[in-house]
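Given next are the chains, with one letter for each unit.
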Amino acid sequence: KRTGTEKKSVKRAKAIESSEEEEEHDVQAQILELEAKILESKKHYNNIPKLLKLFDTEDAILAAVALTRVFSRLFASGDLTNKPGNSEKENVVVAWLKERYQEYKKGLYELLESPEAAEPIFALCMRMLKNEGTHQKNGQDYNFPIRFLTDLVRALLALEEGDELRQEFAEKYVEEYDDIRYYTFEAIAKILEEGSLQGVDDLVENAVSILAAVESVPEDKEELEDFYIPQPTKSNHNLFSVSAHKKQAQAAWLAVLKLDLTKEDRKNILGLMGSYIAPWFIKPELLMDFLTDSYNTGGSTSLQALSGVFYLISERNLDYPDFYRKLYSLLDSGLLHSKHRSKFFRLLDTFMSSTHLPAVLVASFIKRLSRLTLHAPPAGIVACIPWIYNLLKKHPTCTFMIHREVRGDAAKELLDKEGMEDPFLEDEEDPMETNAIESSLWEIVTLQSHYHPNVATLAKIISEQFTKQSYNLEDFLDHSYGSVSFERHM
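So, here's what we can say about the structure. Note that the structure is predicted; figures quoted are calculated from it, not measured. Here the residue index of a chain counts from 1 through its sequence in written order. Two thresholds apply to this predicted model, a pLDDT of at least 70 for residue-level local features and 80 or more for giving and counting side-chain atom pairs, whereas whole-chain, interface and lining totals are computed over all residues. Side-chain descriptors were evaluated using all non-hydrogen atoms of the structure, hydrogens and water having been removed beforehand.

**Topic: the packing of helix α8 (residues 178-194) against helix α10 (residues 242-257)**
Reasoning step 1: To get an axis, fit a line to the C-alpha atoms, keeping to the stretch in contact for a helix; angles then go from 0 to 180 degrees between the N-to-C directions. Helix and strand labels come from DSSP, where a helix needs a run of H or I of at least four residues and a strand needs a run of E of at least two; each type is numbered from the N terminus. Where α8 contacts α10, the two axes come as close as 8 Å, and the packing angle between them is 35 degrees. The interaxial crossing formed by α8 with α10 has left-handed handedness. Across from D178, R181, Y182, F185, E186, I188, A189, L192 and E193 in α8, the residues of α10 making contact are A244, H245, Q248, A249, A251, A252, A255 and V256.
Reasoning step 2: When its residues are assigned to classes, the contact of α8 with α10 shows eleven nonpolar, two polar and four charged. Here is the rule for handedness: rotate from the far helix to the near one, and if that takes an anticlockwise turn smaller than a right angle the crossing is left-handed, while a clockwise turn gives right-handed. Only heavy atoms enter the contact rule, under which two residues are in contact if any of them lie within 4.5 Å. Gly is put with the polar residues, along with every residue not named as nonpolar or charged; the nonpolar set is Ala, Val, Leu, Ile, Met, Phe, Trp, Tyr, Cys and Pro, and the charged set is Asp, Glu, Lys and Arg.

Here it is, written out as structure tokens:
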């Protein structure tokens, strides 16, 4: 049985709980009453500031919902618009309502910073954006609420814990609606260029998360048909122009690329270059400064930068004569020891896939990699040899490097006696000038005596007849020292 003290404690707790529920119910009733009075008569418009004051309380969401209904009704009735024939007094009232409406929107942006309120408040923002764009045309055929969207995007970019909200905005609105996408691109470019969010952490990541949500680039104006705000009636509006959409996207991405990027930011952007960024650019050459700066960063970033350049060369017909020279410079002593080795070979295989590359250029890459294998770990060597084999099959002219006979008895005698100097110019930076085509792949023959038996076995494929069409490079990548075993692929 409970003691008298316990019973009193339970009664007190129930009384407090009941009092809180009644108080909460009273506040809700008060908010609904204030809203009803506003909608009932203009003489109760002073209730709007009363609801705005509740934005600073725990009842903010209820007040925001009520004001959303109020302003939606005012938009629909035209009471937020200066109508022809209005008296001066009526215009003063409209101006006052517009000021309160701006306060209301500012309050919504501030409430987005609250994790508990963010989702419902964001929904109210998008609802109000639609209402404003639908009803507030200011005498024009079409009047998208650009300022509203820009302020909302600014608030989203500044949110410290807004990943889910930005994702919802990007996937549910930016990706789905052509007008939202168009003006979001414009907003991001403006916000980043004005520098108003310079102190925001992860600004680049936040902006990219919205921009990269757009997975497809419109190719024809017929694809521009999904609008959040009722579409313009004039067919020559920019919203119906593919080039106008691309210009907006191009400006937004350029604004991102001009920010102070960390190494990680740069890598993430380079990873999006071919699929999400470059397809939007009307002038792809505008990307070259960023790609060149990224190349100069070094390491795996350089390789990613060249991958972006290769996309522009192959898909956008961009002229970049130094591409293979820069690629050749990445074949250094640390390559075959790098954790990015597999990724490098995958990209290198793509870059060297054309059968129209000059034989002297191909020979330089083959020779440089052959030379690097002499000081490489077994896992690096087993990635090199099949790649060299495949390249020799694709460029038969280079096979002279594995079968070059010395003619004349005197020349043979001199070779046996003194050997010969390798004509390959190892320090030459231009792969067209290395004389590699005049050399031989003695390095691979040397590997046939490698201490690792599997490496030695694999190296012998260069000395045998080239009966295999090609090797699947993936079978030889991603090996470690202990996993070098590939007899099944031979």
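Once you've had a look at it, read on.
**Topic: helix α13 (residues 299-316)**
Reasoning step 1: Its 18 residues place the ends of α13 26 Å apart at the C-alpha level, agreeing with the 26 Å of an ideal helix rising 1.5 Å per residue.
Reasoning step 2: Buried residues of α13: S300, T301, S302, L303, Q304, A305, L306, G308, V309, F310, Y311 and L312, and no others.
Reasoning step 3: Elements that come into contact with the buried residues of α13 comprise α11 (263-277), α12 (288-297), α14 (323-329) and α15 (341-351).
Reasoning step 4: Just past α13, the residue N317 takes up positive phi, approximately 60 degrees. One less than the number of residues in a helix, times 1.5 Å, gives the span that helix is expected to have. Each residue is assigned to one of three classes by its accessible area relative to the maximum for its type, calculated with a 1.4 Å probe on protein chains only: buried under 20%, partly exposed between the two thresholds, exposed over 50%.

**Examining the environment of D416**
Reasoning step 1: If you trace the backbone, D416 turns up in helix α18 (residues 409-418).
Reasoning step 2: Along the backbone, D416 and E132 are 284 residues apart, and their C-alpha atoms lie at a distance of 90 Å.

**Remarks on the packing of helix α7 (residues 163-174) against α8**
Reasoning step 1: At their nearest, the axes of α7 and α8 sit 9 Å apart, and the two run at 130 degrees to each other. Here α7 lies oblique to α8, going by the angle between them. Of α8, the residues touching α7 (which contributes F169, Y173 and V174) are I180, R181 and T184.
Reasoning step 2: The residue inventory of the contact of α7 with α8, partitioned by class, reads four nonpolar, one polar and one charged. For classification purposes, angles smaller than 35 degrees are called roughly parallel, those larger than 145 roughly antiparallel, those between 65 and 115 roughly perpendicular, and all remaining angles oblique.

**Here's the deal with the pattern of salt bridges**
Reasoning step 1: Every case where a carboxyl oxygen of Asp or Glu lies within 4 Å of a side-chain nitrogen of Lys or Arg is listed as a salt bridge. Evaluated as defined, the whole model comprises 15 salt bridges.
Reasoning step 2: A salt bridge links R100 to E99, with the nearest nitrogen and oxygen atoms 3.5 Å apart.
Reasoning step 3: E194 is paired through a salt bridge with R154; the nearest N and O atoms lie 2.7 Å apart. One end of the pair, E194, is in helix α8; the other, R154, is in helix α6 (residues 146-158), and 40 residues separate them in sequence.
Reasoning step 4: You can call E194 partly exposed: its relative accessible area is 40%.
Reasoning step 5: Assessed through its relative accessible area of 21%, R154 is described here as partly exposed.
Reasoning step 6: In this structure, a network of salt bridges that share partners links the residues K367, R371, D422, E426 and E443.

**Overview of a negative patch on the surface**
Reasoning step 1: Each patch is built from residues that are more than 30% exposed by relative accessible area and take part in no salt bridge. Like charges join if they lie within 9 Å; nonpolar side chains (Val, Leu, Ile, Met, Phe, Trp, Tyr) join within 5 Å. What sets the accessible areas is the Shrake-Rupley method with a 1.4 Å probe; for residues, cover comes only from the shown protein chains. Lys and Arg are tallied as positive, Asp and Glu as negative. Neither His nor the chain termini are counted. Taken as the charge centre is NZ of Lys, CZ of Arg, CG of Asp or CD of Glu, depending on the residue. A cluster of acidic residues, D56, E110, E113, E160, E161, D201, D202 and E205, forms a negative patch at the surface.
Reasoning step 2: Tracing the backbone through its elements, the reader meets D201 in the loop between α8 and α9 (203-211).
Reasoning step 3: With a relative accessible area of 61%, D201 lands in the exposed category.

**Description of the nonpolar core**
Reasoning step 1: Membership of the largest hydrophobic core comes to 155 residues, with the highest contact counts inside it found for F169, L327, F345, M352, F365 and W387.
Reasoning step 2: Ranked by the residues each element gives to this core, the list is headed by helix α17 (residues 378-394), at ten residues.
Reasoning step 3: Not counting residues within four places of it along the chain, the set of residues in contact with F169 comprises F122, M126, L149, V153, L156, V174, I180, T184 and I210. Put simply, buried Ala, Val, Leu, Ile, Met, Phe, Trp, Tyr and Cys residues joined by side-chain atoms within 4.5 Å make one nonpolar core.

**Some points on the side chain of R371**
Reasoning step 1: Mapped onto the fold, R371 is located in helix α16 (residues 359-372).
Reasoning step 2: For R371, a relative accessible area of 15% puts it in the buried group.
Reasoning step 3: If we skip the residues at most four places from it in the chain, R371 touches D422, F424, E426, W442 and E443.

**So, the environment of A66**
Reasoning step 1: Along the chain, the position of A66 falls in helix α3 (residues 60-77).
Reasoning step 2: Given a relative accessible area of 1%, A66 falls into the buried group.
Reasoning step 3: Distance in space between the C-alpha atoms of A66 and F148 is 19 Å, their sequence separation being 82 residues.
Reasoning step 4: Not counting chain neighbours up to four residues away, the residues in contact with A66 comprise I31, E35 and L51.

**A short note on the environment of P431**
Reasoning step 1: Within the secondary structure, P431 sits in the loop between α18 and α19 (442-447).
Reasoning step 2: Placed 134 residues apart in sequence, P431 and T297 show a C-alpha to C-alpha distance of 22 Å.
Reasoning step 3: Sequence-distant contacts of P431, defined by excluding residues within four places in its chain, comprise Y324, R325, Y328, V360, L361, S364 and F365.

**Brief notes about unusual backbone geometry**
The bulk of non-glycine residues show a negative phi, and the bulk of peptide bonds are trans.
Reasoning step 1: A positive phi is found at N317, a non-glycine position, where the angle reads about 60 degrees.
Reasoning step 2: Here N317 lies in the loop between α13 and α14.
Reasoning step 3: With a phi close to 65 degrees, N435 is a non-glycine residue in the positive phi region.
Reasoning step 4: Summarising the element assignment, N435 is placed in the loop between α18 and α19.
Reasoning step 5: Accessibility expressed as a relative area gives 37% for N435, which makes it partly exposed.

**A few points about the packing of aromatic side chains**
Reasoning step 1: Geometry of aromatic contacts follows a simple scheme: Phe, Tyr and Trp rings, the Trp one being its six-membered ring, pair when their centres are within 6.5 Å, and the pair is stacked under 30 degrees between planes, edge-to-face over 60, tilted otherwise. Per the counting criterion, the structure on display carries 27 aromatic pairs.
Reasoning step 2: Look at F144 and Y183: their rings are 4.3 Å apart centre to centre, the planes differ by 15 degrees, and that puts the pair in the stacked class. Placement of F144 in the loop between α5 (118-135) and α6 and of Y183 in helix α8 is noted, with a sequence separation of 39 residues between them.
Reasoning step 3: The buried category is assigned to F144, whose relative accessible area is 5%.
Reasoning step 4: Between Y324 and F365 the ring centres are 6.4 Å apart and the planes differ by 90 degrees, which places this aromatic pair in the edge-to-face class. Of this pair, Y324 sits in helix α14 while F365 is found in helix α16, placing the two residues 41 residues apart along the sequence.
Reasoning step 5: Grouping aromatic residues by their ring pairs yields a cluster made of F310, F323, Y324, Y328, F351 and F365.
Reasoning step 6: The criterion for a charge sitting over a ring is simple: Lys NZ or Arg CZ within 6 Å of the ring centre, and within 35 degrees of the ring normal. One Lys or Arg, K105, reaches over the ring of F148 and ends 4.6 Å from the middle of that ring.

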